[in-house]
Amino acid sequence: MDDFLEPRRRMVESQLVARGITDERVLAAMGKVPRHRFTAPGYSDMAYSDMALPSSEEQTVSQPYMVAIMTELLALKGDERVLEVGTGSGYQTAVLAELAGEVYTIEYRPNLAAEAKRRLEGLGYGNIRFMTGDGSRGWPEQAPYHGILVTAGAPDVPPPLVEQLDEGGVIVIPVGQRQSQRLLKIGKRGGRLIREYHIFCVFVPLLGDYGWPDAQK
Ligand code: SAM
């Protein structure tokens, strides 16, 4: 018996459907993944509220709507290889694992990476591969990817991610200033890049080679 089934159903209706998320597969995945298992201790009662919540090490579990819109922009059909940069709590990773064939996820902070791996394996996800390190360089050994999702704010799109994107694939990444960014969708078609800007957002800074040089590590 899942005590959070009803709050999760309300979250999908009032935060996602009401704001224009229409991809039925995304809505179903978000109606299934138990967000209350990803928040820091003491926050599970707020797990289905309309906000980012603390995870460990001063990082955040992304707001449900942000997870939904980023995932919808990837337009996954079910058999894709997806790279995620910034595992964090693993909440977004779980949503991707529901919707893609294989998910490759990279987290910079070793403790967060270990915690997310334990949590996601405990929930029974068998299609996720984990790496600890600088995801701004991507994971070239497993490329190309049909979808690449970055869940930290970047000054610009890291070139290695563009190189590792498959023809017909999509990158979704928050780019802009340290304190505020805009979601950018980049599609690769016929070797050309098509850029589309979406909503404004605020993410923790991307670290590593193509992140913010002065960001706290
Ligand atoms: N989507 C995640 C969730 O719902 O829990 C939230 C991710 S949090 C906003 C961003 C994460 O990106 C943090 O855990 C941070 O440590 C990680 N991060 C920042 N720079 C990174 C990098 N270069 N490589 C991998 N992870 C990075």
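Whatever comes next refers back to the structure up there.
Let me sum up the structure you'll find in this document. (Residues numbered from 1 in each chain as written. Predicted model: local features only at pLDDT ≥ 70, side-chain atom pairs only at ≥ 80, totals over all residues. Heavy atoms only, no water.)

Digging into the site of the ligand
Within the structure, the ligand sits among 27 residues, and Ser 89, Glu 107, Arg 109, Gly 135 and Leu 207 are positioned closest to it. Between Ser 62 and the ligand, the recorded distance is 3.1 Å, taken from a backbone N or O atom to an oxygen atom. Taken by itself the ligand offers 600 Å² of open surface, and the protein chains cover 100% of this. Of all the elements in the fold, those that place two or more residues in the shell around the ligand are β2 (60–61), α4 (91–99) and β4 (102–107). In terms of residue class, the shell around the ligand is made up of 11 nonpolar, 13 polar and 3 charged. (Near = heavy atom within 4 Å. Polar contact = N/O pair within 3.5 Å; in protein donor to acceptor, adjacent residues only side chain to side chain. Areas by Shrake-Rupley, 256 points an atom, 1.4 Å probe, with all protein chains shown as cover. Helix = DSSP H or I, 4+ residues; strand = E, 2+ residues; numbered from the N terminus. Nonpolar A, V, L, I, M, F, W, Y, C, P; charged D, E, K, R; others polar.)

Considering the pattern of salt bridges
Under the definition given, this model contains 8 salt bridges. Between Arg 9 and Glu 6 there is a salt bridge, with the nearest N and O atoms lying 2.8 Å from each other. Note that Arg 9 and Glu 6 are positioned in helix α1 (residues 5–16) at a spacing of 3 residues, about one turn of the helix. With relative accessibility at 47%, the residue Arg 9 sits in the partly exposed group. Among the ionic pairs, Glu 6 bridges to Arg 10, the shortest N-O distance being 3.7 Å. (Salt bridge = Lys/Arg side-chain N within 4 Å of Asp/Glu carboxyl O. Buried < 20%, exposed > 50% of the residue type's maximum accessible area, 1.4 Å probe, protein only.)

Thoughts on the packing of helix α3 (residues 64–74) against α4
At a minimum axis separation of 11 Å, α3 and α4 run at an interaxial angle of 35 degrees. Note on packing geometry: the crossing formed by α3 with α4 is right-handed. Of the residues in α4, those touching α3 at Val 67, Met 70, Thr 71 and Leu 74 are Tyr 91, Gln 92, Val 95, Leu 96 and Leu 99. The residue makeup of the contact of α3 with α4, split by class, is 7 nonpolar, 2 polar and no charged. (Axes fitted to C-alpha atoms, helices over the stretch in contact; angles between N-to-C directions. Left-handed = near helix turned anticlockwise from the far one by under 90°. Contact = heavy atoms within 4.5 Å.)

What to know about helix α2 (residues 24–32)
Since the α-helix packs 3.6 residues into each turn, any two residues three or four apart lie on the same face. All buried positions along α2 are accounted for by Val 26, Leu 27, Ala 29 and Met 30. The arc that holds every buried residue of α2, seen down its axis, measures 165 degrees, which confines them to one face. Those residues of α2 that are exposed and angled more than 90 degrees off the buried face are Glu 24 and Lys 32. Lining the buried residues of α2 we find α1, α3 and α4. You can read the cap of α2 off the contacts: a side-chain oxygen lies 2.9 Å from the backbone nitrogen of Arg 25, and it is on Asp 23. (Arc of directions from axis to C-beta.)

These figures capture arrangement, not role.
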